[in-house]
Amino acid sequence: MVAVIETVGLTKFYGDAPGIIDLDLEVREGEIFGFLGPNGAGKSTTIRTLLNFLLPTRGSGTIFGLDIHRDTVAIKRRTGYLPGDLSLYDRMTAREFLLYFANLRKVDTRTHVRELADRFQLDLDRPIKNLSTGNRQKVGLVNALMHEPELLILDEPTSGLDPLMRQEFLDLLEEVREEGRTVFLSSHILPEVERVADRVGIVRDQHLVTVDSVEAFKGLANATVTIRFASIPDPRSFAALESVIGVDPRNGGDTLVLTIDGTIDEVIKMAAEQEVLSISTRSGELEEVFLSYYTDADAQ
Ligand SMILES: Nc1ncnc2c1ncn2[C@@H]1O[C@H](COP(=O)(O)OP(=O)(O)O)[C@@H](O)[C@H]1O
Ligand SMILES: [Mg+2]
């Protein structure tokens, strides 16, 4: 695996106030990496430091193996960036704005701009000052995507988009990945990160708390099984099973709500020794796992 973004001990203080502390990050080629954390966690600080808009207080980083400070021009040529605090030149139309940036990049992006504008239903000929928040965000997205960069760095890209456009945009990110390109996606919205990301890093209080695949996070989510028996079962025999971490008898004891960590197989086999009236399962909610990282300092 090739690391597209790599940081070692990357740290940014604003005076005494921490922005991000001791960040060791590795984003791999061809993945969608979700950078998830609540407001104030340090996501935008990280991104601005990666792109040399801020100088690190200490630590270092590379993108494409190039130094984030010294080689920023070469990095930006190959990167598309959507800032969290998008500011646009209000008096231009979207088309003029995008052409201006395409010229700075010395690339002809007209075909892609047209395709992207069609896809996102963006009117290119209205002055930017007359556009809604969502449409302004689309201009920023087209600007990040139009030169087909190898790496996209997107700071809360779906803010302001309506649900339909959000879906369209997430579909587009998946296409970008299929082409072998890399996406670094910061967000505080769990479902969208869960939907598209291969791996997720969770930031909290200016620290990267954990990094893992979405699949692995799902594995941490405990499923529950509710079984109703024809006669009252012995809850202790279920509690003794290795994969059962909780037993909650209900309904006068004929129903057991079991919390499962691991395989459900032995639970089913034990239940089948008696007459079962009904059984239902609920898979673990990823949200509960993520929330535990947000709120519980010992979750790691
Ligand atoms: N320009 C700044 N001056 C002082 N503190 C800042 C500045 N920008 C961000 N911070 C602080 O740095 C921390 C991380 O902020 P930020 O990177 O914007 O978080 P996020 O993007 O995850 O919401 C917060 O505590 C924030 O208040
Ligand atoms: Mg931010």
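In this text the structure is predicted, and so the values were computed from the model without any measurement.

(A) Summary view of helix α4 (residues 110-119). Those residues of α4 that fall on the buried side of the exposure criterion are V113, L116 and A117. Summarising the axial view, the buried residues of α4 lie within an arc of 100 degrees, below the 170-degree limit, and thus occupy one face. Buried positions along α4 lie against α3 (94-105), α5 (133-145) and α6 (163-178). Positive backbone phi, approximately 50 degrees, marks Q121, located one or two places after α4.

(B) Main features of the side chain of T46. Tracing the sequence through the fold places T46 in helix α1 (residues 43-50). When its relative accessible area of 0% is taken as the criterion, T46 is described as buried.

(C) Representation of the site of ligand 1. For ligand 1, the full set of nearby residues is Y14, P18, G19, P38, N39, G40, A41, G42, K43, S44, T45 and Q206. A41 places a polar main-chain atom, nitrogen or oxygen, 3.2 Å from an oxygen atom of ligand 1. Between ligand 1 and S44 there is a distance of 2.8 Å, counted from an oxygen atom to a backbone nitrogen or oxygen. Protein chains bury 61% of the 560 Å² of accessible surface belonging to ligand 1 in isolation. Counting only elements with at least two residues in the shell around ligand 1, the list comes to β2 (17-28) and α1.

(D) Geometry of unusual backbone geometry. Although it is not a glycine, K106 sits at a positive phi angle of roughly 55 degrees. Inspection of the secondary structure assignment puts K106 in the loop between α3 and α4.

(E) View of the side chain of T182. Note on placement: T182 falls in strand β8 (residues 182-187). A relative accessible area of 2% places T182 in the buried class. Within the local environment of T182, its side chain forms a polar contact with the backbone nitrogen of G30, the two atoms lying 2.9 Å apart. Setting aside residues no more than four positions away along its own chain, T182 makes contact with V4, V27, R28, E29, G30, E31, E150, L151 and L152.

(F) How the structure looks around helix α11 (residues 286-295). Looking only at α11, the buried set comprises L286, V289, F290 and Y293. In an axial view of α11, the angular spread of the buried residues amounts to 95 degrees, which keeps them on one side of the axis. In this structure, the buried residues of α11 make contact with β3 (32-36), α7 (190-196), β9 (199-204), β10 (207-213) and α8 (214-220).

(G) Representation of the environment of S186 in the model. On the secondary structure map, S186 appears in strand β8. The buried category is assigned to S186, whose relative accessible area is 0%. Here the alpha-carbon distance between S186 and A240, two residues 54 residues apart in the chain, equals 43 Å. In contact with S186, other than residues within four places in its own chain, are F35, K43, I47, L154, D155, E156 and P157. There is a polar contact of 2.7 Å between the side chain of S186 and the side chain of D155.

(H) Highlighting the packing of aromatic side chains. Enumeration over the complete set of coordinates arrives at 10 aromatic pairs. Residues F97 and F101 carry aromatic rings whose centres are separated by 4.9 Å and whose planes lie at 55 degrees to one another, so their mutual orientation is tilted. Highlighted residues: F97 and F101, both in helix α3, separated by four residues, approximately one helical turn. Given a relative accessible area of 3%, F97 falls into the buried group. Owing to a relative accessible area of 23%, F101 belongs among the partly exposed residues under this scheme. In this structure an aromatic cluster arises from ring pairing among Y89, F97, Y100 and F101. Sitting over the face of the ring of Y14, K12 holds its NZ or CZ atom 5.8 Å from the ring centroid.

(I) Highlighting the sheet that holds strand β4 (residues 58-63). Taken in spatial order, the four strands make up an open sheet running β2-β1-β4-β5, and their pairing is antiparallel. The two strands at the open ends of the sheet, each matched to only one other strand, are β2 and β5 (66-67). Set on the sheet, α1 makes contact with β1 (3-14), β2 and β4; between it and β1 the angle comes to about 115 degrees.

Analysis parameters
- Residues numbered from 1 in each chain as written.
- Chains lettered and ligands numbered in written order.
- Predicted model: local features only at pLDDT ≥ 70, side-chain atom pairs only at ≥ 80, totals over all residues.
- Heavy atoms only, no water.
- Buried < 20%, exposed > 50% of the residue type's maximum accessible area, 1.4 Å probe, protein only.
- Helix = DSSP H or I, 4+ residues; strand = E, 2+ residues; numbered from the N terminus.
- Arc of directions from axis to C-beta.
- Contact = heavy atoms within 4.5 Å.
- Near = heavy atom within 4 Å.
- Polar contact = N/O pair within 3.5 Å; in protein donor to acceptor, adjacent residues only side chain to side chain.
- Areas by Shrake-Rupley, 256 points an atom, 1.4 Å probe, with all protein chains shown as cover.
- Phe/Tyr/Trp six-rings, centres within 6.5 Å; stacked < 30°, edge-to-face > 60°.
- Lys NZ or Arg CZ within 6 Å of the ring centre and 35° of its normal.
- Pairing = 2+ DSSP bridges.
- Axes fitted to C-alpha atoms, helices over the stretch in contact; angles between N-to-C directions.

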